[in-house]
Amino acid sequence: MFGKQVAKLESDMDSETLEEQKCQLSYELNFSGKYFAFKEQLKHAVVKIVRDKYLKTTSFESQEELQTFISELYVFLVDQMHVALNQTMPDDVQGTVATIYTSSEQLQLFAFEAEVNENFEMAAAYYKERLVREPQNLDHWLDYGAFCLLTEDNIKAQECFRKALSLNQSHIHSLLLCGVLAVLLENYEQAEIFFEDATCLEPTNVVAWTLLGLYYEIQNNDIRMEMAFHEASKQLQAWMLQAQVTKQKSTGVVEDTEERGKRESSLDPWGITNGSATAIKVEAPAGPGAALSILDKFLEESSKLQSDSQEPILTTQTWDPSISQKPSNTFIKEIPTKKEASKCQDSSALLHPGLHYGVSQTTTIFMETIRFLMKVKAVQYVHRVLAHELLCPQGGPSCEYYLVLAQTHILKKDFAKAEEYLQQAAQMDYLNPNVWGLKGHLYFLSGNHSEAKACYERTISFVVDASEMHFIFLRLGLIYLEEKEYEKAKKTYMQACKRSPSCLTWLGLGIACYRLEELTEAEDALSEANALNNYNAEVWAYLALVCLKVGRQLEAEQAYKYMIKLKLKDEALLAEIHTLQETVGFGNPSF
C-alpha cells in the first residue's frame, strides 16, 4: 500500500504520516474482511494454547474469574508474539535464541533406528527431513533411495537415484544404482547405458565392471560377461598389489615387483590357473527365494565335493589382524563426529546393510560387489552375486560369505537357516565379533533373549568392536531392563549415549535411573531424549512418573496429556502411571 511513498520519503517520514498510514491500513483490513479472516485463523491457535498450557476446558464460574484468566492469557500471547517477531526480524543488539538443532548425521542415525524397529513411516520422515534441509546433497537422495530399496518401493528408489545423478552426472555410485534399478525394473537398455557409462567414467572401478558382467549374464552374452569379469579381476589385482606395496613400504620391507608380477601372471584374472581357466555362469533364478534355495544346494554339494575330492579345498578368506583391529563400521565414515553409530533396538530383522564383516587379505570381485550392494540395501540383487562368490575358486564359503548369507535369511525371517549359516561362520572365525553380534540379533529377533544376552556380552568383551555396536548396546540394555538388572542396564546405556546418543539411548538410561530411584538423573536423561524426539510416548510416560514422584502436579499432568495424545501402547506402563496417580492424588486432568 505504501511502498512507493516509503521509497520516496525514506528517512524523512514524520509521525503524522506514520499515524495516517496506520489508520488507512486498519480501515483496509476491516473493510476487506482480511482482519476478520486472520482473527478466525488465530482463534484455533489460541484455543489450543488454552487447552494445552492452561488445561482449561470448562466454563468460568464468575465474570471476575474470566477477566483474570483473559488478562493472564493476553500477557502470555503478547510475550509469544514478541518472541516470534524477534525471531523473524532479529535486532542486531538482540542475542541469539537458543534452539535445539538436530544435525543431519543425527537424523540419519534416528532413521536407521526407526528402520530397524520396522517403523518405516518414522524412518521415511527422518529421511525426508534431511532432504528438505539440504535438497542439493546427493548423499541424502542416495540414502533415501536405499531405504526405498529396502522397503521394495523400486519406483521411488529409482526417482531418488536419478535425482542424485542429476545433481552430479559424474557420481559413480549414482550411475551404478540407477543401473541396478533399471535391471530390477527390467529396463535392460537403460541398465546397459548406466553400467557402461560407469566403466568409462571410472575404468578402475571393480564393482562397475562386475555389475556390467552380471548384466551381460542376464542377457546371455557370455563373451562380454567374461570380458567384464576379466577386467574387474585385473583391476582388483592391481589395487591389491598397490595396497600391498604401500603396506610394505610403510613397514620398511619392499618386495621385488617384477618377481611378484611373474607369480601373479601364472593366475588368470579370476584367480584360476591359466591351464584350467573356465568361465563360470550362473543361471538367473526365478526370484530371491529361488536364489536362496539354489545357494543352499550349492553349499551342500560343495561340502560333499570337498570331502570326496583329493583336490585342494577352496581357499577361504584369512583376516588381516593389522586391519581388523579397527572397527569396520560404515556408519563411522558417515558420522565423523561420533565414535559409533549403526542401528537399533526393537524386534526387527533389518540389520544395517553395508556391514563390513572384516577386511581380508584375499578378496574377489564378487565379494567387493556384495559389500557395495549390501551397503545400499540392494538385497534383491545380491543373491545372484552370492552364487558367483560360492563358485569362484578364489572365493567360496568364507566367514564373510556365511555372514552375508545369514543376513539375507534374517531379512526373510528364516531364522533356522540363518542360525545354520552363523554356525558355519563361527567355525571359520570363532573370534570374529561380528559373528557373535549377528547371532545376538538373531536370537533377539526370534525371542530367545537369554541366548541373545550371552552373545551380546561376548561381543562387547572383544577388544575389537563389532560393526554395529550401537544396536548391540541398545538391545543388551533392553534385556537388562527386562531382567531387572538396572545397574547393568544403566552402564550399558551410558556407553551407548557416549558413542552415539539418540532418543532411544537416553530413554533407556532414563528408565534405568528411574528404576534405581535416581530421579534427578532420570529426569535429565529423559529431557535429553525428549529434546531429540518429542513424539515418543514412552518418554512422556516416564517423565510423568518422575514428576508424580517429585510432586510437580502441572508438569505431571502435561506429560500425561501428551502421552495420551501420542497413544502409549504399553498397557503395563499405563497401569503403573494410573496407580501412582491414585496414590499421590493428582496427575490426571480428568480427575
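As named in an unreviewed UniProt entry, the protein is Cilia- and flagella-associated protein 70, taken from Pongo abelii. Annotation of the protein in UniProt includes, under Function (unreviewed entry), the sentence "Axoneme-binding protein that plays a role in the regulation of ciliary motility and cilium length." Recorded in UniProt under Sequence similarities (unreviewed entry), the annotation for the protein is "Belongs to the CFAP70 family."

S.K.: What's the story with the overall build of the protein in this structure? I'm lost.
M.R.: From N to C terminus, the protein includes 29 helices and zero strands. For the protein, the exposed surface amounts to about 30800 Å²; the carbon and sulfur share of it is 54%.

S.K.: Even after reading the chapter, I still don't get the nonpolar core, so can you show me in this structure?
M.R.: Considering soluble globular proteins, one finds that nonpolar side chains tend to be buried as a cluster. Of all hydrophobic cores here, the largest spans 142 residues; its most connected members are L176, F195, L211 and L373. No other element matches the eleven residues that helix α27 (residues 537-550) contributes to this core. Those residues in contact with L211, other than ones at most four positions away along the chain, are L176, V180, F195, T369, F372, L373 and Y381.

S.K.: Looking at this structure, how should I read a nonpolar patch on the surface?
M.R.: A cluster of nonpolar side chains, M1, L25, L29 and Y35, forms an exposed patch at the surface whose accessible area comes to about 400 Å². By the secondary structure assignment, L25 is in helix α2 (residues 15-32).

S.K.: Would you mind going over the packing of aromatic side chains with me for this structure?
M.R.: Two descriptors summarise a pair of aromatic rings, namely the distance from one centre to the other and the angle between the planes of the rings. In the structure shown here, the tally under the stated rule is 15 aromatic pairs. Measuring from ring centre to ring centre gives 5.6 Å for Y401 and Y402, while their planes differ by 70°; the resulting arrangement is edge-to-face. Of the two residues examined, Y401 and Y402, each falls in the buried class. Note that R458 overlies the ring of W436, its terminal NZ or CZ placed 4.2 Å from the centroid.

S.K.: Explanation requested: the UniProt feature "repeat: TPR" (unreviewed entry) in the protein in the structure shown.
M.R.: In the numbering used here, UniProt assigns the feature "repeat: TPR" (unreviewed entry) to residues 470-503. Split by type, residues 470-503 is 82% helix and 0% strand. Its first and last C-alpha atoms lie 13 Å apart.

S.K.: Please explain the packing of helix α9 (residues 172-184) against helix α11 (residues 206-218) as it appears in this structure.
M.R.: A packed helix pair is summarised by two numbers, namely the angle formed by the two axes and the spacing between the axes. Two numbers describe how α9 lies on α11: the axes approach to 11 Å, and their chain directions differ by 15°. On the basis of their axis angle, the class for α9 and α11 is roughly parallel. As for how α9 packs across α11, the hand of that crossing is left-handed. Residue-level inspection shows L176, V180 and V183 of α9 in contact with α11, the latter providing V207, A208, L211, Y215 and I218. Classifying every residue of the contact of α9 with α11 gives eight nonpolar, no polar and no charged.

Rules used in this analysis
- Residues numbered from 1 in each chain as written.
- Predicted model: local features only at pLDDT ≥ 70, side-chain atom pairs only at ≥ 80, totals over all residues.
- Heavy atoms only, no water.
- UniProt positions renumbered as here; feature names shortened; annotations may be inferred.
- Helix = DSSP H or I, 4+ residues; strand = E, 2+ residues; numbered from the N terminus.
- Areas by Shrake-Rupley, 256 points an atom, 1.4 Å probe, with all protein chains shown as cover.
- Core = buried A, V, L, I, M, F, W, Y, C linked by side-chain atoms within 4.5 Å.
- Buried < 20%, exposed > 50% of the residue type's maximum accessible area, 1.4 Å probe, protein only.
- Contact = heavy atoms within 4.5 Å.
- Patch = residues over 30% accessible without salt bridge, like charges linked within 9 Å, V, L, I, M, F, W, Y side chains within 5 Å.
- Salt bridge = Lys/Arg side-chain N within 4 Å of Asp/Glu carboxyl O.
- Phe/Tyr/Trp six-rings, centres within 6.5 Å; stacked < 30°, edge-to-face > 60°.
- Lys NZ or Arg CZ within 6 Å of the ring centre and 35° of its normal.
- Axes fitted to C-alpha atoms, helices over the stretch in contact; angles between N-to-C directions.
- Parallel < 35°, antiparallel > 145°, perpendicular 65-115°, else oblique.
- Left-handed = near helix turned anticlockwise from the far one by under 90°.
- Nonpolar A, V, L, I, M, F, W, Y, C, P; charged D, E, K, R; others polar.

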